[in-house]
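Here are the chains, one letter per residue:
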Amino acid sequence: MKQHSAAYKWVVLAILMIGTAILYYSNMIFAVRAPDTMAKFAINEGQLAAISTIGCLPGAFLSVVVGRVLDKKGVKLFTALALVLTLACMVWRIFASTYIELMLATVLIGAFLLPITIVGPKMVGGLFRPDEMPLAMGFFGAAGGLGTTLAFATGNVYPSLESAFLGVSVLGCVLLLGWVIIVKEPEAPPAPAGGSVQAKGQLAKVLKSPNMWKVMFCSGFAVGSSILINTYLTQAFSANGASVEMASTIGTVLNLCLILGGILSGAVIGKLGKINIPYAFICIVGGALYLLAYLMPVGPLTYVLVALAGLICSGSVGVSFTRIPLLPLTGDFGEESIGTATGMNQTALGVMSFLVPTVIASIAGSNYTLVFILAFIFLVLCGIVGLITPELGEKGKLAQSRK
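Residues numbered from 1 in each chain as written. Predicted model: local features only at pLDDT ≥ 70, side-chain atom pairs only at ≥ 80, totals over all residues. Heavy atoms only, no water.

**Side note on the overall build of the chain**
Under the convention used in this document: Where helices and strands are cited, they refer to DSSP runs of H or I of at least four residues and of E of at least two residues respectively, numbered from the N terminus. Throughout, the radius of gyration refers to the C-alpha atoms, and the reference size of a globule is 2.2 Å times the residue count to the power 0.38. Throughout this description, buried means an accessible area under 20% of the type-specific maximum (1.4 Å probe, protein chains only), exposed means over 50%, and partly exposed covers the range between. Every residue pair with non-hydrogen atoms within 4.5 Å of one another is taken to be in contact. Computed with a 1.4 Å probe, the accessible areas rest on the Shrake-Rupley method; for each residue, only the protein chains presented here act as cover.
Looking only at helices and strands, the chain features 19 helices and 0 strands. Here the chain has a C-alpha radius of gyration of 20 Å; the compact-globule value for 403 residues is 22 Å, and the two agree. Each of the three principal axes of the chain carries a C-alpha extent, and together these read 60 × 45 × 35 Å. When the 403 residues of the chain are sorted by exposure, 58% land in the buried category. Summarising the internal contacts of the chain: among those between residues at least 6 apart in sequence, 84% fall at separations of at least 24. When the accessible surface of the chain is summed, it comes to about 15700 Å², and 73% of that surface belongs to carbon and sulfur atoms.

**Concerning unusual backbone geometry**
Not every positive phi belongs to a glycine, and Ala-42 is a case in point at roughly 55 degrees. Within the secondary structure, Ala-42 sits in the loop between α2 (34-41) and α3 (45-53).

**As for helix α18 (residues 368-387)**
Definition in use: One less than the number of residues in a helix, times 1.5 Å, gives the span that helix is expected to have.
Taking 1.5 Å per residue, 20 residues should reach 28 Å; α18 reaches 29 Å between its end C-alpha atoms and fits that length. Within the sequence span of α18, burial applies to Tyr-368, Val-371, Phe-372, Leu-374, Ala-375, Phe-378, Leu-379, Cys-382, Gly-383, Val-385 and Gly-386. Close packing links the buried residues of α18 with α12 (210-239), α14 (276-295), α15 (300-313), α16 (315-323) and α17 (338-364).

**Notes on the confidence of the model for the chain**
Heads up, the condition is: Residue-level confidence of the predictor is what pLDDT reports, using numbers from 0 through 100.
Across the chain, the average pLDDT comes to 86, with 95% of residues at or above 70. Between residues 192-199, whose pLDDT stays under 50, and residues either more than four places distant or in other chains, the model counts 6 contacts.

**Focus on the nonpolar core**
Threshold: Definition used in this section: a nonpolar core is a set of buried Ala, Val, Leu, Ile, Met, Phe, Trp, Tyr and Cys residues joined via side-chain atoms within 4.5 Å.
If you look at the biggest cluster of nonpolar residues, it comprises 128 residues, and the most contacted ones within it are Leu-16, Trp-179, Met-212 and Phe-237. The dominant element in this core, judged by the number of residues it contributes, is helix α1 (residues 6-32), at 15 residues. In this structure, Trp-179 is in contact with Ile-15, Leu-16, Val-75, Lys-76, Thr-79, Ala-80, Leu-83, Ile-116, Val-119 and Met-123, ignoring residues within four places of it in sequence.

Next up, the structure:
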């Protein structure tokens, strides 16, 4: 296998992180600039929740197909073409004048960003050693938090909603240039025995893998809960007595901690060499701190609880990404199908990123207590399912048996 420099693999990881961060930034900008968005396009809170999450919905329908293309045809050219189309849709959205037009542009942005979000675990799995994987995927898993944090930190700095869309377009241009100039086509894994017939059978193996579905459950509900909390954060804490400025600051603190925590959780899990028990702690304790932060009276303690929740719970997303390139350890499918597996995982992310906040918005309305209770329940379920998933860490039996 061709060896790349240490600098190259970290630069590629940074480019992959930017791709995922842009998806979240592009979606969350609506929630951050809720008054502008609702006024300009004459929409209600339910429609705001929909436009803030619908960019993730293409992942529900296209991810497996995209993952298969990446497995079979390579990643460089296909992803580059998708990023060109992404940038075109970002520019189109600047000039959108109706809600339908805004919706179409946002959906297409989410669709064309799929290749770079799906290819992450596949490329990281090929560039980093197994013992480096949790830390690398911790960084990758923090990318969503990075995009959301940037949205909270910069969203209200723009003089208008149109200029915010322009800012998204500039980020898209940077991503495209970085991909085209720096990233090289990764070396393909060895072809499975039996050639193309066996390769075709790999999709069925991934679909039949119970462990794949467990990871998808954890990924979907963890991301859905995170987006649900972020979508309601400003309104919920404002209703509890926080000023608009304080609520925005709370959001920024939370998402900064999500970034830092995602990286720290990857480092800790890499050091421990085990995934399942730390993951259960991350989900259950982190979810409890989110709920407690909302239920306590607004004050200095709010910042502390929100920060701790972000630091701990951030790993609920990143650890699922870590599991994807390690699933071949279970024998359910081979390394040549990691792109397909990532596509299935992205399907779960797309479905739950849209359904969780949208459905809960319809059910809960302005009952913010119910919102935070449901987010906690979802995270507890993630922790439980994570415990019954085979241990894939470096010090687990599966990894040890392969040495």
